[in-house]
Amino acid sequence: MSTRQSRTPILVVALITALLLTGCRPAAPATPTVVPVTPTPTPLPGTPTPAGWTEHKSGDVTIWLPREWEVLALNQGDLQAIFTEFQKSNPELAKIIGSAEALQGVALWAFKSSAIEAAFADNLNIRRSPLGGQKITRMEEVLPAIIDQYRQLGFELGVTETNRQIGGYPAAHIAYSYPVVLADGTTTRLDGHQYLVASATDLWILSYSAVPGSEDAMKSVFEQSAESFRVK
């Protein structure tokens with residue numbers, strides 16, 4: 001069995017888990033509308049640290065976000081205690097996380113705090129998936145199976161970039177929208193951007209989701225934030 005064949009199912013499970021553990025339940029799958037994939041990345045600023053942004057560190061990772069974002073940094077430990085404390089101080093944001101179990105494997109979860117009274121908020125979660133000694137040098141080798149699974153779940157896929165680099169590591173970007181049931185029971189579609197960064201030992205999964213209606217405004221924020229991601 002080839003290395004690509006053996007690792008792809010593991011990565012698919014990790015990515016789907018990272019995407020769906022956001023306090024939202026997937027709605028019934030619909031026939032997806034797929035935008036043709038392009039391998040050409042969009043040039044981005046070299047050091048995306050705009051005025052008013054703050055650097056956040058959690059364990060091995062560093063990332064920049066706008067100052068108004070609320071950040072829950074995690075070094076694992078007692079996840080139930082961490083979630084309970086966050087629930088006390090940020091009850092609306094805790095509903096988006098859903099439960100302590102959703103924090104398993106998460107390095108950092110961040111929310112745009114100006115929307116904390118809504119059923120959903122622009123947010124980011126960063127997850128870590130160990131590669132078990134395997135090495136990813138070409139992201140295009142692992143993305144086709146992931147994209148196929150997203151289509152089967154009823155995702156509408158946008159631009160997919162497989163030949164990027166973030167922090168000196170191979171990286172990829174997947175844009176999509178997907179149907180969900182929010183914490184208040186309403187059904188909607190969320191726009192998301194997932195950035196995959198393959199370090200020497202781990203696949204880092206940065207999943208950004210936008211509140212309906214904020215997609216255009218948040219796209220550049222997500223891009224700049226993802227480009228600032230660094231691993232020790």
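Within any chain, residue numbers begin from 1 and follow the written order of that chain's sequence. The predicted nature of this model means local features are confined to residues of pLDDT at least 70 and side-chain atom pairs, given and counted, to a pLDDT of 80 or more, with totals for whole chains, interfaces and linings taken over all residues. Hydrogens and water are ignored here; the side-chain numbers use all heavy atoms of the structure.

With that out of the way, let us pick up the overall build of the protein. The helix and strand tally for the protein stands at five helices and 11 strands. Only protein chains enter the accessibility calculation, which uses a 1.4 Å probe. A residue is then buried if its area is under 20% of the maximum for its type, exposed if over 50%, and partly exposed in between. Among the 232 residues that make up the protein, the fraction classed as buried is 47%. Put simply, of all contacts in the protein between residues at least 6 apart along the chain, 62% involve residues at least 24 apart. Entry remark: accessible area of the protein is about 10,400 Å², with carbon and sulfur atoms responsible for 53%. Comment: elements are numbered from the N terminus, with helices defined as DSSP H or I runs of at least four residues and strands as E runs of at least two. Every residue pair with non-hydrogen atoms within 4.5 Å of one another is taken to be in contact. All accessible-area figures derive from a Shrake-Rupley calculation using a 1.4 Å probe, and residue coverage is judged against the displayed protein chains alone.

For this analysis, a ring pair means two rings from Phe, Tyr or Trp (six-membered ring only for Trp) whose centres lie within 6.5 Å, classed as stacked if their planes differ by under 30 degrees, edge-to-face if by over 60, and tilted for the remaining angles. Going through the model one piece at a time under the given rule, you end up with 10 aromatic pairs. Centre to centre, the rings of Y150 and Y176 are 5.8 Å apart; their planes meet at 75 degrees, and the pair counts as edge-to-face. Here the residue Y150 occupies a position in helix α4 (residues 143-152), and Y176 occupies one in strand β8 (residues 169-181), the gap between them amounting to 26 residues. For Y176, a relative accessible area of 3% gives the class buried. Between W204 and F229, the aromatic rings sit 6.0 Å apart at their centres with planes inclined by 55 degrees, giving tilted as the arrangement.

Counting buried residues along strand β5 (residues 106-112), six of its seven residues qualify, which places the element largely inside the surrounding structure. Strands pair, by our definition, only if DSSP identifies at least two bridges between them. For strand β4 (residues 69-73) and β5, the ladder comprises five bridges, and the chain directions are antiparallel. Looking at β5, one finds that W69 is bridged to K112. Sheet topology places β5 next to strand β6 (residues 123-130); five bridges connect them, and they run antiparallel. Residue pairing in the sheet places V106 in a bridge with R127 of β6.

Attention now moves to the sheet that holds strand β2 (residues 53-58). In space, the three strands of this open sheet follow the order β2-β3-β11, with antiparallel pairing throughout. The open sheet terminates on both sides in strands that have one partner only, identified here as β2 and β11 (230-231). Across six bridges, β2 lies against strand β3 (residues 61-66) in antiparallel orientation. Across the sheet, the residue bridging to H56 is I63, located in β3. Strands in contact with helix α5 (residues 215-227) are β2, β3 and β11; relative to β3, the strand with the most contacts, it is inclined by about 155 degrees. Fitted lines through C-alpha atoms serve as axes, helices being fitted only where they are in contact, and the angles separating the N-to-C directions of these axes extend from 0 to 180 degrees.

Let's shift gears to the confidence of the model for the protein. As a per-residue measure, pLDDT tells how confident the predictor is, with possible values from 0 to 100. Averaged over all residues, the pLDDT of the protein equals 77, while 74% of them reach at least 70. Looking across the protein, the model is least confident in strand β1 (residues 25-26), with a mean pLDDT of 44, and most confident in β3, with 93.

Moving on to helix α2 (residues 79-89). Helical geometry: 3.6 residues make up each α-helical turn, so side chains three or four residues apart lie on a common side. Looking at α2, one finds that the buried residues are L79, F83 and F86. The arc that holds every buried residue of α2, seen down its axis, measures 65 degrees, which confines them to one face. Each direction from the helix axis to a C-beta atom contributes to the arc, which is the arc of those directions.

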